[in-house]
Number of protein chains: 2
Amino acid sequence: MGQGGTRIEAVMAVVRARIAARSYLPGMRLPSVRAQARAMGFSVSTVVEAYERLAAEGAIRARPGSGFYVCGPLAPLALSEIGPRLERAVDPLWISRQALEAPPAMLKPGCGWLPASWLYEDGMRRALRAVARADAEVLADYATPLGLPALRQFLARRMAGMGIEASPEQIMLAESGTQAIDLVCRFLLEPGDTVLVDDPCYFNFHALLRAHRVQAVGVPFTRNGSDLAAFEAALRAHSPRLYITNSGIHNPTGAVRSPVNAHRLLQLAEAGGLVIVEDDIFADFEFHPAPRLAAFDGLSRVIHIGSFSKTVSASLRCGFIAARADWIDSLADLKIATGFGSSRLASAVLLAALTDSGYRKHMEAVRVRLAGAMERTVARLEAIGVQPWLVPRAGMFVWCRLPGAASATEVARACLEEGVVMAPGSAFSQSPEASGFLRFNAAQSDDRRVFDVLARALRHGR
Amino acid sequence: MGQGGTRIEAVMAVVRARIAARSYLPGMRLPSVRAQARAMGFSVSTVVEAYERLAAEGAIRARPGSGFYVCGPLAPLALSEIGPRLERAVDPLWISRQALEAPPAMLKPGCGWLPASWLYEDGMRRALRAVARADAEVLADYATPLGLPALRQFLARRMAGMGIEASPEQIMLAESGTQAIDLVCRFLLEPGDTVLVDDPCYFNFHALLRAHRVQAVGVPFTRNGSDLAAFEAALRAHSPRLYITNSGIHNPTGAVRSPVNAHRLLQLAEAGGLVIVEDDIFADFEFHPAPRLAAFDGLSRVIHIGSFSKTVSASLRCGFIAARADWIDSLADLKIATGFGSSRLASAVLLAALTDSGYRKHMEAVRVRLAGAMERTVARLEAIGVQPWLVPRAGMFVWCRLPGAASATEVARACLEEGVVMAPGSAFSQSPEASGFLRFNAAQSDDRRVFDVLARALRHGR
């Protein structure tokens, strides 16, 4: 390493030490590059490089035109909560915050869920009325540590239908699929560990892993599953503790892992002592179920996660974890320590909705409706030069390359100013190539205005 | 430090390194004291002392008659989930697990909540029926990042009534009071930090802080609030980042902080740069509200937490955090990253229940009923030689000293064998004196059998 490298590392070490000692507090602006360079007797370019490396690590964050800020456990500060937040940096939380805060009139082709009118509204109304007549304990008491036994039995049977053998004692309910993964991370990870994710992957995996102070390493996801050579190389290079992926339909690409890819991946995981979290929240969108890693593996090193936020209701929070029984017991302790259990009421309402005879028909209708919306979305995108990376077999997402050298981040910012929330590629991936991609949700794109606004943003971006 | 001390530290360092390298995995039994002593060439007594110090740190855990085990992020492993788990070590999670897993027929004087029949059953039924008729968005969509605006407005008005000025933008909904504190810990703490708690304090604070890998230091809680000399000494000795306490009625002692204690405590916190979390879940049990730290401080360094699990329903999970607006925004990012928001449905049901005209009357009746149960509980305890440390003005808890040198842990184990879940002092405190105390919940103690079983356990323990 040359002298320049040593100096850069020295600046990085000083900044890290000040953050650790909290003389630089979360949210605080760092001294300007010039001031820091003067104070430390190094060149401006040395400090610039040090700051940028610290930003890449996630210790600090650049805000364009404003300087560098110390990251808290997560993210920048902002005060407004109404309407689009144009000033917010495009980070792994950008899409969630914009979509969750969007007023009802805004279009949200970038968001990750179905419109409320597509969800199981009638079933939810019936379920709520049924639970309103339940015993006092259902209405007022805490759940048991693992959660409602009848719902866990239902889930065990459902998993058996996918070839996953899990007894109810191997299943724990959680507040959501995300919370389920968070608990697994708390159980298995130490700060500083490395975790493999797909490149691209669901952006919130990046946000979650950052909250755990662990390093995410992306492995390219191909049209048939993980790039196995890259996976093997990442195992050797990083000794990761965990791999987090989707089962069935992959988010954001819509690709599905082939059986041979699943089999070979599990062999690599076994050889490398790797635990796999398989997030299965899109299960009910598949016409023909793909093989589950948990089915191949017998819940030995695979942890299976799911929820019904995408198909029954997102208002009702209820997810689950299926894993080895001894892990489930430790996860139950963690769930109590950090949240004192999940909602008995939510699990009772969910069970009533799922066992209602209408749920199967509801999902059949959703799948067909979604396929139609996908066909129209793909045609409209192609008409303005936006190319699907893959036309998915099922599900709501299509991952698309923008024409020319358009920057998805710039396009998303321009669309946000016109009231349209997009999902730019850089939120899903740390790779430079992802900056030319957008993810579209077909169910939220069934409106001509989405494509008019996008076409305009693309023209201006050139 | 003598040679013995150096050897003990060497054993500790080796064990810690192996846990860090995961050659000792969570849940795994450590080599026996003898085997370890042989392998390392130290005496058995050196290894015993090293293991015990590691156990006190929480890195490993002793299971009597079975050896030492590596702690996961938390706790031991156990498989059964039905009925009392006699083999489980009495740790900060013992009471929660036993009480949550207890079949309905078991008596639970040690548990921390009211019987379901005391909660707001009618109001919950009305609220569920009302929400069953709500708009599709309420039934199916995600909540906004901070949560239902109308509930936050309600909470802001409620807090104003306690002298706490908080705008709705300073309030974020969470899944529960516990999850609210967990998010604050994630936001403010680094592994290795020190946090002050009351001695004794709510046992789950110990479990939660252990999950965050931070050190809890207890400050004695007196009949008027914190022991201020001890608090000041702890500030100097440990430079803690955070202090977690209750507002109003203290758990487990039932004591209430005096205004002068609150004022002086805040001065110390300001001088020491300390942030305070004030957990206010027992607010509606008070006949005459005590002053809130957040009211004195203006939500500058005090974070105010609450929920309605103890008064409306524990089945419905919904808590809240009131804090500085910039902190709330970062907490919202963390909430999304780790759980993707709280339940819109739960907040809608809770708001309907709280704004139902019956809630005030319900709580008036609960307070009066609880006062009667408390009087009977205290009389029955005194009749068998168990002395209240303080007869509380309000609330459900009374903290009691056992006669003679009885061990609360042994008594609790004996009672559990007879189907009664007690709350032994060692779960609330790391101090040796606490091992002679039990906490009683008057609402769960209104049954002669509790005192018959306890009297028998006390006789046998002598």
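Being a predicted model, the structure only gives us computed values, none of them experimental.

Colleague: An account of the side chain of Lys335(B) is needed here, citing residue identities and associated values.
Modeller: Tracing the chain through its elements places Lys335(B) in helix H13 (residues 325-339). In this structure Lys335(B) is buried but unpaired, with Glu175(B) as the nearest side chain of opposite charge at 7.5 Å.

Colleague: An account of the domain arrangement of chain A is needed here, citing residue identities and associated values.
Modeller: All names here are of chain A. One can read the domain layout of chain A as domain 1 (3-70), domain 2 (94-118 + 361-461) and domain 3 (121-355). The distance between the C-alpha centroids of domain 2 and domain 3 comes to 25 Å. With 27 residues of domain 2 in contact, the opposing surface of domain 3 contributes 25 residues. Per-residue buried area on domain 2 facing domain 3 is highest for Arg 367, Trp 389 and Phe 428; these three make up 26% of the total on that side. In this structure, the connection of domain 2 to domain 3 is made through zero salt bridges.

Colleague: Let's hear about helix H11 (residues 259-272) of chain B: which residues, and what values?
Modeller: Residue and element names in this part refer to chain B. Taking 1.5 Å of rise per residue, 14 residues should cover 20 Å, and H11 covers 20 Å from first to last C-alpha, within 8% of that figure. Taken together, the buried positions of H11 are Asn 261, Ala 262, Leu 265, Leu 266, Leu 268 and Ala 269. Projection of H11 onto a plane perpendicular to its axis shows the buried side chains occupying an angular sector of 160°, all on one side. Those residues of H11 that are exposed and angled more than 90 degrees off the buried face are Val 260 and Ala 271. Along its buried surface, H11 packs onto strand E6 (225-226), helix H10 (228-238), strand E7 (242-246), strand E8 (275-279), helix H12 (293-297) and strand E9 (302-307).

Colleague: Run through the relation of the copies chain A and chain B, naming residues and quoting values.
Modeller: Least-squares fitting of chain A to chain B yields an RMSD of 0.1 Å, with the superposition described by an axial translation of 0.0 Å and a rotation of 180°. A rotation of that kind, with that shift, is consistent with a two-fold axis. Here 100% of the contact residues of chain A are again contact residues in chain B; the copies associate through an equivalent surface.

Colleague: Residue-level account of the sheet that holds strand E14 (residues 437-441) of chain A, with values.
Modeller: The strand order across the open sheet built from four strands is E11-E12-E14-E13 (chain A), with neighbouring strands paired in antiparallel fashion. The open sheet terminates on both sides in strands that have one partner only, identified here as strand E11 (387-388) and strand E13 (423-424) of chain A.

Colleague: So, the nonpolar core: which residues are in play, and what are the values?
Modeller: Grouped together as the largest cluster of nonpolar side chains are 306 residues, with contacts concentrated most on Leu151(A), Ile303(A), Ile321(A), Leu454(A), Ile303(B), Ile321(B) and Leu454(B). Once residues lying within four places of it in the same chain are set aside, the contact partners of Leu454(A) are Leu381(A), Ile384(A), Val386(A), Val411(A), Cys415(A), Met422(A), Leu438(A) and Phe440(A). Core analysis: the second largest hydrophobic core is formed by 16 residues, Ile19(B), Ala37(B), Tyr51(B) and Leu54(B) among them.

Colleague: Quick rundown of the sheet that holds strand E3 (residues 171-174) of chain A? Include the residues and the values.
Modeller: Residue and element names in this part refer to chain A. The eight strands lie next to each other as E3-E10-E9-E8-E7-E4-E5-E6, forming an open sheet whose pairing is mixed. The open sheet is flanked by E3 and strand E6 (225-226), the only strands paired with a single partner. With three bridges connecting them, strand E4 (residues 194-199) and strand E7 (residues 242-246) associate as parallel partners. For Leu 196, the partnering residue across the bridge sits in E7 and is Tyr 243. Strands E4, strand E5 (215-222), E7 and strand E8 (275-279) of the sheet are contacted by helix H9 (residues 203-211), whose axis makes an angle of about 170° with E4.

Colleague: Before we move on, could you go through the packing of helix H4 (residues 94-101) of chain A against H13(B) and cite the residues and values that matter?
Modeller: Following both chains from N to C, one finds H4(A) and H13(B) inclined at 105°, their axes separated by 10 Å at the closest point. As judged from the angle between their axes, H4(A) and H13(B) are roughly perpendicular. On H13(B), the residues that touch Ser96(A), Arg97(A) and Leu100(A) of H4(A) are Asp329(B), Ala332(B), Asp333(B) and Ile336(B). In terms of residue class, the contact of H4(A) with H13(B) is made up of three nonpolar, one polar and three charged.

Colleague: Residue-level account of the environment of Gly123(A), with values.
Modeller: Residues and elements named next belong to chain A. Along the chain, the position of Gly 123 falls in helix H5 (residues 121-131). Relative accessible area serves as the criterion here: at 0%, Gly 123 is assigned to the buried category. Taking the C-alpha atoms as reference points, Gly 123 and Arg 413, 290 residues apart in sequence, are found 38 Å from one another. In this structure, Gly 123 is in contact with Ala 353 and Asp 356, ignoring residues within four places of it in sequence.

Colleague: Summarise the packing of aromatic side chains; cite the residues concerned and give the values.
Modeller: For the structure shown, the criterion picks out 30 aromatic pairs over all chains. Ring centres of Trp113(A) and Phe340(B) lie 6.2 Å apart, and the angle between their planes is 70°; this geometry places the pair in the edge-to-face category. Here Trp113(A) is found in the loop between H4 and H5, whereas its partner Phe340(B) is found in the loop between H13 and helix H14 (344-355) on a different chain. The exposure class assigned to Trp113(A) is buried, which follows from its relative accessible area of 7%. On the basis of an interplanar angle of 70° and a centroid distance of 5.0 Å, the ring pair of Tyr51(B) and Phe68(B) is categorised as edge-to-face. A residue pair is termed long-range when its members are at least 10 positions apart, and Tyr51(B) in helix H3 (residues 44-57) and Phe68(B) in strand E2 (residues 67-70) qualify at 17 residues. The residues Tyr51(B) and Phe68(B) share a single accessibility class, namely buried. The rings of Tyr202(A), Phe203(A), Phe205(A), Trp399(A), Phe428(A) and Phe437(A) are connected pair by pair, giving a single aromatic cluster. Looking at Arg223(A), its charged tip hangs above the ring of Trp389(A), at a distance of 4.2 Å from the centre.

Colleague: Describe in detail the interface of chain A and chain B, supporting the description with residues and values.
Modeller: Residue-level contacts link 89 residues of chain A with 89 residues of chain B. Linking chain A with chain B are eight salt bridges, by the criterion used here. One salt bridge connects Asp329(A) with Arg97(B), and the closest N-O pair in it is separated by 2.9 Å. The interface formed by chain A and chain B contains 44 residue pairs in polar contact (both at pLDDT 80 or more). Put simply, the parts of the chain that give the side of chain A that touches chain B at least two residues each are H4, H5, helix H6 (136-140), helix H8 (177-188), H9, helix H13 (325-339) and helix H14 (344-355) of chain A. Ranked by residues supplied to the side of chain A that touches chain B, first place goes to H13(A) with eleven residues.

Colleague: Explain the environment of Glu364(B) to me, using residue names and the numbers behind them.
Modeller: With respect to the helices and strands, the residue Glu364(B) is situated in helix H15 (residues 358-383). Spatially, the C-alpha atom of Glu364(B) lies 29 Å from that of Asp198(B), the residues being 166 residues apart in sequence.

Colleague: With reference to specific residues and values, describe the confidence of the model for chain A.
Modeller: Per-chain confidence: chain A averages 91 in pLDDT, with 94% of residues scoring 70 or above. A low-confidence stretch, residues 73-82 of chain A stays under pLDDT 50, and its non-local contacts, those more than four residues away or across chains, total 45 contacts.

Colleague: Explain the pairing of strand E12 (residues 397-401) of chain A to me, and be specific about the residues and the numbers.
Modeller: All names here are of chain A. The element E12 is largely enclosed, with a buried count of four among its five residues. Relative to E12, E11 runs antiparallel, the two being bridged by two bridges. Its bridge partner being in E12, Gln 387 is matched across the sheet by Arg 401. Relative to E14, E12 runs antiparallel, the two being bridged by five bridges. In the strand pairing of E14, Trp 399 is matched with Arg 439.

Colleague: Describe H13(B), listing the residues and the values that go with them.
Modeller: Its 15 residues give H13(B) an end-to-end C-alpha distance of 20 Å, which sits within 8% of 21 Å, the value for a rise of 1.5 Å per residue. Remark: Phe340(B) follows H13(B) within two positions and exhibits a positive phi of approximately 50°.

Colleague: Quick rundown of the pattern of salt bridges? Include the residues and the values.
Modeller: One pass over the structure, following the stated rule, counts 37 salt bridges over all chains. Where Glu121(A) meets Arg125(A), a salt bridge forms, and the shortest distance between an N and an O atom there is 2.7 Å. Of the two residues, Glu121(A) and Arg125(A) both sit in helix H5, four residues apart, roughly one turn of that helix. The partly exposed category is assigned to Glu121(A), whose relative accessible area is 23%. Here Arg126(A) and Asp356(A) are joined by a salt bridge, their closest N and O atoms 2.6 Å apart. Of this pair, Arg126(A) sits in helix H5 while Asp356(A) sits in the loop between H14 and helix H15 (358-383), and the two are 230 residues apart along the sequence. Under the relative-accessibility criterion, Arg126(A) is labelled partly exposed at 35%. Salt bridges sharing common partners tie together Arg97(A), Glu101(A), Asp329(B) and Asp333(B).

Conventions adopted
- Residue numbers here run from 1 along each chain, matching the order of that chain's written sequence.
- All chains are assigned letters beginning with A, and all ligands numbers beginning with 1, in the order in which they are written.
- Local features in this predicted model are restricted to residues whose pLDDT is 70 or higher, and side-chain atom pairs enter the listing and the counts only when it is 80 or higher, whereas totals over whole chains, interfaces and linings include all residues.
- Values shown for side chains rest on all heavy atoms present in the structure; no hydrogens or waters enter the calculation.
- Numbering of helices and strands runs from the N terminus, with a helix taken as a DSSP run of H or I at least four residues long and a strand as a DSSP run of E at least two residues long.
- Accessibility here uses a 1.4 Å probe with only protein chains present; expressed as a share of the type maximum, an area under 20% marks a residue as buried, one over 50% as exposed, and anything in between as partly exposed.
- Charged-residue counts in this description rest on Lys and Arg as positive and Asp and Glu as negative, His and the chain ends being excluded.
- Salt bridges are defined as contacts in which a side-chain nitrogen from Lys or Arg sits within 4 Å of a carboxyl oxygen from Asp or Glu.
- All the domain ranges listed were derived from an automatic or database domain assignment.
- What makes two residues a contact is simply this: any of their non-hydrogen atoms within 4.5 Å.
- By definition, the buried area sums, over both parts, the 1.4 Å-probe accessible area that each loses when the two are put together.
- To estimate how far a helix should reach, multiply one less than its number of residues by 1.5 Å.
- The arc in question is traced by the directions running from the helix axis to the C-beta atoms.
- When the copies are superposed, the least-squares fit draws on C-alpha atoms of residues that have pLDDT of at least 70 in both.
- For two strands to pair, DSSP has to find at least two bridges joining them.
- In plain words, nonpolar cores are sets of buried Ala, Val, Leu, Ile, Met, Phe, Trp, Tyr and Cys residues tied together by side-chain atoms within 4.5 Å.
- Note on geometry: axes are C-alpha line fits, over the in-contact stretch for helices, and angles between N-to-C directions span 0 to 180 degrees.
- An angle below 35 degrees is read as roughly parallel, one above 145 as roughly antiparallel, one from 65 to 115 as roughly perpendicular, and any other as oblique.
- Just so you know the grouping, Ala, Val, Leu, Ile, Met, Phe, Trp, Tyr, Cys and Pro go in nonpolar, Asp, Glu, Lys and Arg go in charged, and all remaining residues, Gly too, go in polar.
- To pair, rings of Phe, Tyr and Trp, with the six-membered ring standing in for Trp, must have centres within 6.5 Å; the planes then decide the type, stacked if under 30 degrees apart, edge-to-face if over 60, and tilted in the middle.
- Placement of a charge over a ring requires the Lys NZ or Arg CZ to be within 6 Å of the ring centre, with the centre-to-atom vector within 35 degrees of the ring normal.
- Polar contact is the term for a pair of N or O atoms within 3.5 Å; when the atoms are in protein, one must be able to donate a hydrogen and the other to accept it, and sequence-neighboring residues count only if both atoms are side-chain atoms.
- Each residue carries a pLDDT score, the predictor's own confidence in it, on a scale running from 0 to 100.

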